[in-house]
Amino acid sequence: MAPKVELRNVSQRFPSTASRVGGTLALDSVNLHIEEHEIVSLLGPSGCGKSTILNLIAGFATPTTGEILVDGKQVSGIKPDRLVVFQSPTLFPWLTVMDNVTFGPRMRGEAVATYKRLAEKVISDVGLGRFRDHFPYQLSGGMKQRAQIARALINRPEILLLDEPFGALDAQTRLEMQQLLLGIWDQYRCTIIFITHDVEEALFLSHRTYILSPHPGRVHREVAVPFGRPRTVALFSDNTFSRLKGEILTALQSKLPYGEHASELTQGGGGEKDVAAPSLTVVRRA
Amino acid sequence: MPTNNSYRLLSWLTWLFLLVAWALVSNMGWVDPVILPSPQVMFRTTIDFIAAGYSATPAWRHIGVSVMRTFAGLGGGILFGIPVGLLIGYYRPANAIFGPIFSFIRPVPPIAFIPLVILYFGIGEFPKILLIGIAAFLYIVLNTSNGVRAIPIDLIRAALNLGAKPHQLIARVILPAALPQIMTGIKTATALSWAIVVAAELVAAQAGLGYMIMDASTFFRVPYVYLGIIIIGVIGIALEWCTNVMEHRMLHWRGR
């Protein structure tokens with residue numbers, strides 16, 4: 001069976017500007033795949049093109065070369081079955097939580113009766129039941145992201161694309177949101193592509209992690225995250241968790257232009273399977 | 001700590017002080033009463049104006065004519081300005097075509113066009129309304145297009161991602177997202193329109209507050225000049241208050 005999402009030799013070059021003659025190579029021959037119902041995170045520093053990858057999968061842009069396949073078919077255009085949750089709050093500030101959440105069905109002309117129950121459900125699933133008639137300015141940062149997730153869920157997306165959605169939140173709220181997302185995944189089982197620069201976040205949430213390196217954006221390594229589910233906060237004090245975190249940090253650092261910690265881990269490069277931790281296996285949920 | 005109320009009191013006290021100073025200066029004969037009529041004279045003039053109007057035209061007509069011209073021009077400016085502003089804000093070729101023309105006309109004081117509109121359209125209602133309409137239009141186009149350009153790209157992407165079609169994107173996302181700036185344009189345009197109507201009436205009109213001021217100064221009826229100025233000022237404040245209330249209602253979701 002074809003992977004849910006697949007990138008084949010995807011390169012993206014942005015046109016020249018006054019300061020950058022010859023254009024910028026944002027992605028260089030990126031290959032990656034995400035299986036159905038999998039949570040995969042793209043981990044890397046700024047400049048590694050992780051948001052560019054997301055924009056390509058969402059259909060906001062088309063790659064310079066290479067193919068992006070969803071269910072084995074080339075992606076064309078923007079569709080509500082691939083929904084993005086943005087880092088910046090992109091709720092419509094003039095609409096209440098309820099009206100924000102029902103925006104998708106309303107734009108597609110669905111009858112109120114068909115989405116009303118689901119709207120109530122997704123709003124309570126993200127814990128905003130009491131805030132359905134609030135406006136975005138009345139919500140905290142975490143609540144805004146909850147509302148954004150609900151606004152995506154009501155469309156029954158097959159793929160959820162999250163672009164550093166919790167990056168701007170404080171540590172406490174971030175952990176809460178990560179647990180919320182795991183709960184949502186348990187219940188809705190969409191395929192999730194999660195962009196982050198936070199190693200712990202990537203390990204806590206995902207089945208697999210692609211480590212990206214910057215300038216130009218490349219897949220540096222792929223790491224299978226061996227932990228079972230459901231996952232709890234206890235995972236953060238797990239030994240394997242700490243070891244993996246250390247390895248990934250080392251790998252990330254070795255790939256920075258000013259990195260002094262070039263280690264044996266870099267030899268695996270170029271998107272191959274993780275060689276440094278052969279004991280790790282890919283945990284897949286059917 | 002001074003409260004909002006104490007600042008408001010201060011504003012009223014300023015008015016009271018000016019009134020007392022005015023009464024003193026005019027009644028003590030420190031200033032020629034022909035140049036500065038006393039408050040009592042102004043009060044009587046006001047009563048006369050309300051009762052008998054000015055030069056055989058009732059008071060409500062002088063005021064009403066000026067207000068109607070303003071609203072007609074402003075309404076036209078808003079009606080055409082918002083769609084054109086949305087277009088040139090969202091669609092860059094439109095901006096390339098019209099932008100430079102608007103940039104050229106905008107800094108020219110609208111009053112400078114008075115001779116031309118009179119030349120083209122005479123001294124009827126249309127040229128005055130047209131003049132106000134053009135000025136309002138330019139400011140609303142400017143603010144609307146700036147508002148559209150300031151919309152975060154992710155907001156538009158989110159809407160498209162959720163399935164909004166182009167016409168829905170414009171009506172349900174771009175228009176409301178640009179509304180704060182559009183309201184700024186409407187407020188500026190309202191104040192400007194009110195100033196222009198008076199100027200236009202100074203030059204050529206048979207009624208209106210601007211006409212009254214001009215006519216009264218020609219025939220040396222100085223109290224009516226002052227009365228005209230006071231009414232223009234009061235209505236100006238009222239217009240500003242109206243647009244502020246409107247802005248507050250329409251943009252309550254900004255949470256200010």
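Structure: see above.
Conventions we followed
- Residues numbered from 1 in each chain as written.
- Chains lettered and ligands numbered in written order.
- Predicted model: local features only at pLDDT ≥ 70, side-chain atom pairs only at ≥ 80, totals over all residues.
- Heavy atoms only, no water.
- Contact = heavy atoms within 4.5 Å.
- Buried area = accessible area lost by both parts, 1.4 Å probe.
- Salt bridge = Lys/Arg side-chain N within 4 Å of Asp/Glu carboxyl O.
- Polar contact = N/O pair within 3.5 Å; in protein donor to acceptor, adjacent residues only side chain to side chain.
- Helix = DSSP H or I, 4+ residues; strand = E, 2+ residues; numbered from the N terminus.
- Pairing = 2+ DSSP bridges.
- Axes fitted to C-alpha atoms, helices over the stretch in contact; angles between N-to-C directions.

**Considerations on the interface of chain B and chain A**
Then comes step 1: Listed by partner, the interface residues are 20 residues for chain B and 24 residues for chain A.
Then comes step 2: Both sides together, the interface formed by chain B and chain A hides about 2000 Å², and carbon and sulfur atoms give 68% of it.
Then comes step 3: Looking at the side of chain B facing chain A, the largest losses of area belong to N161, L162 and W253 of chain B, adding up to 38% of the total buried there.
Then comes step 4: Run the count over chain B and chain A and you get zero salt bridges.
Then comes step 5: Along the contact surface separating chain B from chain A lie seven residue pairs in polar contact (both at pLDDT 80 or more).
Then comes step 6: For the side of chain B that touches chain A, the element with the most residues is helix α7 (residues 153-161) of chain B, which contributes seven residues.

**A closer look at the side chain of T102 of chain A**
Residues and elements named next belong to chain A.
Then comes step 1: Locating T102 in the fold gives a position in the loop between α2 (97-101) and α3 (103-107).
Then comes step 2: Here the side chain of T102 touches D99 through a polar contact of 3.4 Å, landing on its backbone oxygen.
Then comes step 3: Residues within four places of T102 in sequence aside, it is in contact with Y115, A119 and I154.

**Topic: the sheet that holds strand β3 (residues 39-43) of chain A**
Residue and element names in this part refer to chain A.
Then comes step 1: Reading across from one edge, β6-β7-β8-β3-β9-β10 is the order of the six strands in this open sheet, with mixed pairing throughout. For this open sheet the edge positions go to β6 (82-85) and β10 (218-224), each flanked by a neighbour on one side alone. This sheet shows a mean twist of 20 degrees between the axes of neighbouring strands, independent of strand direction.
Then comes step 2: Along the sheet, helix α6 (residues 171-188) contacts β3, β7 (159-163) and β8 (191-196); its crossing angle with β8, the most-contacted strand, is approximately 160 degrees.

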